[in-house]
Amino acid sequence: MALVLLQLASPSYQSMSFDDRFGLLVDAELATRENRRVTRLLKSAKLKAPGAVPEDIDFSARRGIDKRQVMDLLTCQWIERGQHVVITGPTGTGKTWLGCALGREAARKGLSVSYQRMPRLMEDMEVAYSDGSLPALRTKLGKARLLILDDWGVAPITARDRQHLLEVIDDRVPGGSVLITSQLPVKTWHDYLGEPTAADAILDRLLHNKHTIELKGDSMRKHAVR
């Protein structure tokens, strides 16, 4: 509507052909719809770092980031192929921020995203198990093209947690992608999960088709306060 009023009021638009003016209206409507869709996807994603944008990624050498790898991930082809991303590194190195930046780019490209902090997700699934709403929660998680599991390994995991996690991961095979951030090196994940059979099943689904980013350096929070 705003562009229609602008066209009516502006001599420069009035001098254009009908086809040209109509084309501008169509382009404006498509852009408006796309912006609304991205806004809706980002609201649904509930990213912990909503201000994380790819344009602000720090590629300085001290962080150990392979710029070519990250730029390739920002195409989101890995999501289209149903692959996974694992981001590891010490506390404060920007794992969550980078994961959210990748999640934001996925939403920009029209892909549904769900951010979940692992300890809270395990709590929510336990409550859902108790009140009978677990199938609905799993269905909701399964609909996201990208599931972000932040803070993997920061809290102990119970036998039922393992089973819930296995079901969530299994629901995403094939086709659904997972992005995991963790302070724990991948080589320790089997021990963290505890029970060998469940650990094998979970890690087989996650690690055979993954991209790994290992962040290094001091805490980004230290640099922020200087």
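Everything numeric in this text was worked out from a predicted model, so none of it was measured.

Chemist: Which residues make up the overall build of the chain, and what values do they have?
Modeler: The number of helices and strands found in the chain is 12 helices and 5 strands. Long-range pairs, those at least 24 residues apart, make up 80% of the contacts in the chain with a sequence separation of at least 6. Here the chain displays about 12,400 Å² of accessible surface, and carbon together with sulfur accounts for 54% of that area.

Chemist: Help me get a handle on the confidence of the model for the chain, residues and values and all.
Modeler: Residue-level pLDDT values for the chain average 86, and 81% of them are 70 or greater. Per-residue pLDDT stays below 50 along residues 1-9; that stretch engages in 13 contacts with residues further than four places along the chain or on separate chains.

Chemist: Can you explain the pairing of strand β1 (residues 84-88)? Please cite residues and give values.
Modeler: Here β1 lies mainly inside the structure; 5 of its 5 residues are buried. Residue alternation in β1 divides its side chains into two sets, His84, Val86 and Thr88 and Val85 and Ile87, and both sets are buried.

Chemist: Residue-level account of the environment of Gly99, with values.
Modeler: Along the chain, Gly99 turns up in helix α6 (residues 95-108). In the structure, Gly99 is positioned 49 residues away from Ile148 in sequence and 7.4 Å away in space, judged by C-alpha atoms. Other than its neighbours up to four places away in sequence, Gly99 contacts Ile87, Ile148 and Leu179.

Chemist: Help me get a handle on the pattern of salt bridges, residues and values and all.
Modeler: Applying the stated criterion across every chain yields a total of 11 salt bridges. Note that Arg62 and Asp58 form a salt bridge whose closest N and O atoms lie 3.3 Å from each other. Through salt bridges that share partners, Glu55, Glu105, Arg108 and Lys109 make up one connected network.

Chemist: Mind laying out the packing of helix α9 (residues 159-170) against helix α11 (residues 196-207), listing which residues take part and the relevant values?
Modeler: Look at α9 against α11: their axes get within 10 Å of each other, and the N-to-C directions meet at 25°. As the angle between them shows, α9 and α11 are arranged roughly parallel. When the axes of α9 and α11 are compared, the crossing they make is left-handed. Residues Arg162, Leu165, Leu166, Ile169 and Asp170 of α9 pack against Ala198, Ala201, Ile202, Arg205 and Leu206 of α11. Residue classes in the contact of α9 with α11 are distributed as 7 nonpolar, no polar and 3 charged.

Chemist: So, the nonpolar core: which residues are in play, and what are the values?
Modeler: Leu47, Ile87, Leu146 and Leu179 are the most contacted members of the largest nonpolar core, which has 31 residues in total. Of all the secondary-structure elements, those providing two or more residues to this core are α3 (18-45), α4 (67-73), α5 (77-80), β1, α6, β2 (113-117) and β3 (146-152). Among the elements that take part in this core, α6 stands out by supplying 6 residues, more than any other. The contacts of Leu146, once residues within four sequence positions are left out, are Trp78, Ile79, Gly103, Ala106, Ser112, Val113, Ser114, Arg172, Ser177, Val178 and Leu179. Grouped together as the second largest cluster of nonpolar side chains are 27 residues, Ile157, Leu165, Ile169 and Ile202 included.

Chemist: I'd like to hear about the environment of Tyr129, residue by residue, with values.
Modeler: On the secondary structure map, Tyr129 appears in helix α7 (residues 118-131). A residue is classified by how much of its surface remains accessible, and Tyr129, at 43% relative accessible area, is partly exposed. Considered as a pair, Tyr129 and Arg160 are 31 residues apart in the sequence and their alpha carbons are 9.7 Å apart. Not counting the four nearest positions on each side in its chain, Tyr129 is found in contact with Leu134, Arg160 and His164.

The rules we used
- Residues numbered from 1 in each chain as written.
- Predicted model: local features only at pLDDT ≥ 70, side-chain atom pairs only at ≥ 80, totals over all residues.
- Heavy atoms only, no water.
- Helix = DSSP H or I, 4+ residues; strand = E, 2+ residues; numbered from the N terminus.
- Contact = heavy atoms within 4.5 Å.
- Areas by Shrake-Rupley, 256 points an atom, 1.4 Å probe, with all protein chains shown as cover.
- pLDDT = per-residue confidence, 0-100.
- Buried < 20%, exposed > 50% of the residue type's maximum accessible area, 1.4 Å probe, protein only.
- Salt bridge = Lys/Arg side-chain N within 4 Å of Asp/Glu carboxyl O.
- Axes fitted to C-alpha atoms, helices over the stretch in contact; angles between N-to-C directions.
- Parallel < 35°, antiparallel > 145°, perpendicular 65-115°, else oblique.
- Left-handed = near helix turned anticlockwise from the far one by under 90°.
- Nonpolar A, V, L, I, M, F, W, Y, C, P; charged D, E, K, R; others polar.
- Core = buried A, V, L, I, M, F, W, Y, C linked by side-chain atoms within 4.5 Å.

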